[in-house]
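So the chains spell out like this:
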Amino acid sequence: MRQSRLVFTLLLVGVVLLATAQPSSAFANAFFHTQSTGNRGADVLAIQHLLNHHGQTAATDGVLNTGTDTAVRAFQSAKGLSVDGIVGPATWGALVPTLREGASGAAVRALQVELNAKRRLNLAVDGVFDAEVTSAVRTFQSHAGIGVDGVVGPITWRNLVWHYDYPDFSAGACDQDPDGNGTANWATAAAIAQLEQGIRSFQATGQGLVPYGDAGFEHGGDIPGHGSHEVGLDIDIWPIRTDNGQCTAGRITWQSATYDRAATRQLIQAIRAAAPGHIRWVFFNDPTLISEGLSTHEANHDNHLHVRYCEKVHPSSLYDC
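About the thresholds
- Throughout this document, residue positions are counted from 1 along each chain, in the order its sequence is written.
- The model is predicted, so local features are restricted to residues of pLDDT at least 70 and side-chain atom pairs to those at 80 or more, both for listing and for counting; the totals for chains, interfaces and linings are taken over all residues.
- Water and hydrogen atoms play no part in the side-chain values, which are based on all heavy atoms of the structure.
- Think of a salt bridge as a Lys or Arg side-chain nitrogen and an Asp or Glu carboxyl oxygen that are within 4 Å of each other.
- Helix and strand assignments come from DSSP, with helices taken as H or I runs of at least 4 residues and strands as E runs of at least 2, each series counted from the N terminus.
- Buried residues are those whose accessible area, probed at 1.4 Å on protein chains only, stays under 20% of the maximum for their type, while exposed residues exceed 50% and partly exposed ones sit between those limits.
- What makes two strands pair is DSSP finding at least two bridges between them.
- UniProt positions are given in the numbering used here, feature names are shortened, and annotations may be inferred rather than shown by experiment.
- Pairing of aromatic side chains here covers Phe, Tyr and the six-membered ring of Trp, requires ring centres within 6.5 Å, and sorts the geometry by plane angle: under 30 degrees stacked, over 60 edge-to-face, intermediate tilted.
- Here an axis means a line fitted to C-alpha atoms, over the contact stretch when the element is a helix, while the angle between two N-to-C directions is reported on a 0 to 180 degree scale.
- Working rule for angles: under 35 degrees goes down as roughly parallel, over 145 as roughly antiparallel, 65 to 115 as roughly perpendicular, anything else as oblique.
- Crossing handedness: left-handed means the near helix sits turned counterclockwise from the far one by under a right angle, and right-handed means the same turn made clockwise.
- Any two residues whose heavy atoms approach within 4.5 Å are treated as being in contact.
- The classification used treats Ala, Val, Leu, Ile, Met, Phe, Trp, Tyr, Cys and Pro as nonpolar, Asp, Glu, Lys and Arg as charged, and all other residues, Gly among them, as polar.
- Cysteine sulfur pairs qualify as disulfides if the two atoms are within 2.5 Å.
- Here, nonpolar core means buried Ala, Val, Leu, Ile, Met, Phe, Trp, Tyr and Cys residues that are tied together by side-chain atoms lying within 4.5 Å of each other.

Moving on, we get to the pattern of salt bridges. Pairing between side chains becomes possible if they bear opposite charge and their charged atoms approach one another. In this structure the tally under the stated criterion is 9 salt bridges. A salt bridge links lysine 118 to aspartate 43, with the nearest nitrogen and oxygen atoms 2.9 Å apart. One end of the pair, lysine 118, is in helix H5 (residues 106–119); the other, aspartate 43, is in helix H2 (residues 42–53), and 75 residues separate them in sequence. With relative accessibility at 0%, the residue lysine 118 sits in the buried group. Here the residues in one salt-bridge network are Asp43, Glu114 and Lys118, joined through shared partners.

Below is the structure:
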């Protein structure tokens, strides 16, 4: 385990350095994001399709629940891997096949899911590796700074899984840019999907949209105005107002007269419920919510909630569940 963490740490350092030096291109030291029970999103959906490709039975709903966990364990056992239900580098490596134009089936669906999520495409998830998919693969390979051949082998898979995802603002959020960082909305597929699910649940209460602040740049790296937000697992959102105008009437603090503690409490509860076992911290300085165990004090977090997600066996202890 110590050796594994060292390798992961070296990979993470390389990724951050590359992303900082070349924010629009190569990320040659990309690694597979670890997924486990409680995660959701495009990477989980790809895992489910890949499990089906290998003859296991997994619902393709993008949620790593007990059924998918059982399928992962069965796959790990069949491949002689450590049977822990955690889809880390070894399990990912065994799951992903080499694909090229003409291929068909569940593994191609996994590829189409990843391309759609990571490159903001609208490919049909039909399991057919046709000319359109080949073009998308080649474009991604060029974008990633890896060999452009249209063949999806281990390097392309690893870069696709590592690449960050972009939120769907129709899920009930509004895009805010308090630090002038443009579309710094990218995060891991799991972080994006888990936050979206929490926001959808909050939307059911009828208390307005949720302001989405900075998450990170497309390939990670340093982001102005933040001491973190570099690895795709930190997302800022804003507290709820009593007039439900948090997306139109301006940002407030927990001390403001228009701060709605009850609604903000519901928002945090919904976010936590959508990512069981995968939230490291929610930084927000409302002392009442801190006393209830819903948030944690952190300097400069009076006017926003900083949600920090985590993964099993992450290279950084700050993001390790």
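Alright, that's what it looks like, and here's the rest.
The next subject is the pairing of strand S3 (residues 234–237). In S3, alternate side chains face the same way, and those of Asp234 and Asp236 on one face and Ile235 and Ile237 on the other are all buried. Alignment of S3 against strand S5 (residues 305–309), held across 4 bridges, turns out to be antiparallel. Bridged to isoleucine 237 within S5 is leucine 305.

What follows deals with the UniProt feature "domain: Peptidoglycan binding-like" (unreviewed entry) in the protein. As recorded in UniProt, the sites labelled "domain: Peptidoglycan binding-like" (unreviewed entry) are residues 40–95 and 104–158. In residues 40–95, helix accounts for 57% and strand for 0%; the two terminal C-alpha atoms are 18 Å from one another. For the annotated span residues 104–158, helix accounts for 60% and strand for 0% of the residues, and the straight-line distance between the end C-alpha atoms is 20 Å.

Here we come to the packing of aromatic side chains. Per the counting criterion, the structure on display carries 7 aromatic pairs. With a centroid separation of 5.3 Å and 10° between ring planes, the pair formed by phenylalanine 32 and tryptophan 92 is classed as stacked. With phenylalanine 32 in the loop between helix H1 (2–21) and H2 and tryptophan 92 in helix H4 (residues 89–95), this residue pair connects regions lying 60 residues apart in the sequence. Relative accessible area serves as the criterion here: at 0%, tryptophan 92 is assigned to the buried category. Seen in terms of ring centroids, tyrosine 166 and tryptophan 186 are 5.0 Å apart; in terms of plane orientation they differ by 65°. Their pairing is edge-to-face. Here tyrosine 166 is found in the loop between helix H7 (154–162) and strand S1 (173–175), whereas its partner tryptophan 186 is found in the loop between S1 and helix H8 (189–203), with 20 residues between them in sequence. The exposure class of tyrosine 166 is buried, given its relative accessible area of 11%.

Attention now moves to the packing of H5 against helix H6 (residues 131–144). Running from N to C, H5 and H6 point in directions that differ by 50°, and their axes come no closer than 11 Å. Between H5 and H6, the angle is such that the two are oblique. Read as a crossing pair, H5 and H6 show a hand that is left-handed. Each of Leu111, Gln112, Leu115 and Arg119 in H5 lies in contact with H6, whose residues at this interface are Val133, Ala136, Val137, Thr139, Phe140 and His143. Grouping the constituent residues of the contact of H5 with H6 by class yields 6 nonpolar, 3 polar and 1 charged.

As a further point, take the environment of alanine 30. Here alanine 30 is to be found in the loop between H1 and H2. Judged by its relative accessible area of 2%, alanine 30 falls in the buried class. A C-alpha to C-alpha distance of 27 Å links alanine 30 and aspartate 179, two positions 149 residues apart in sequence.

Bringing the state of the cysteines into the picture now. This model, assessed by the stated rule, comprises 2 disulfides. Note on cysteine connectivity: cysteine 174 is disulfide-linked to cysteine 247, with sulfurs 1.9 Å apart. Sign of the S-S torsion, about -85° for the bond between cysteine 174 and cysteine 247, identifies this disulfide as left-handed. Of this pair, cysteine 174 sits in strand S1 while cysteine 247 sits in the loop between S3 and helix H9 (261–273); the two residues are 73 residues apart in sequence, bridging distant segments of the chain. Cysteine 247 sits in the partly exposed class, given a relative accessible area of 22%. Residue pairing for cysteine 310: its cysteine sulfur links by disulfide to cysteine 321, the two sulfurs lying 2.2 Å apart. In this structure, the disulfide formed by cysteine 310 and cysteine 321 twists by about 105° around the S-S bond and is classed as right-handed. Of this pair, cysteine 310 sits in the segment after S5 while cysteine 321 sits in the segment after S5; the two residues are 11 residues apart in sequence, bridging distant segments of the chain. Note on cysteine 321: relative accessible area 31%, which makes it partly exposed.

Within S5, 5 of the 5 residues are buried, which leaves it mostly tucked inside the rest of the structure. Side-chain alternation along S5 places Leu305, Val307 and Tyr309 on one buried face and His306 and Arg308 on a second face that is also buried. Where strand S4 (residues 279–283) meets S5, 4 bridges bridge the pair, whose relative direction is antiparallel. Counted as the bridge partner of isoleucine 279 is tyrosine 309 from S5.

With that settled, the discussion passes to the nonpolar core. A general feature of soluble globular proteins is that nonpolar side chains tend to end up buried together. If you look at the biggest cluster of nonpolar residues, it comprises 70 residues, and the most contacted ones within it are Leu111, Leu115, Trp157, Ile235 and Tyr309. If we ignore the near neighbours within four places in the chain, the residues touching tryptophan 157 are Phe32, Leu50, Val96, Pro97, Leu99, Ala107, Ala110, Leu111 and Val152.

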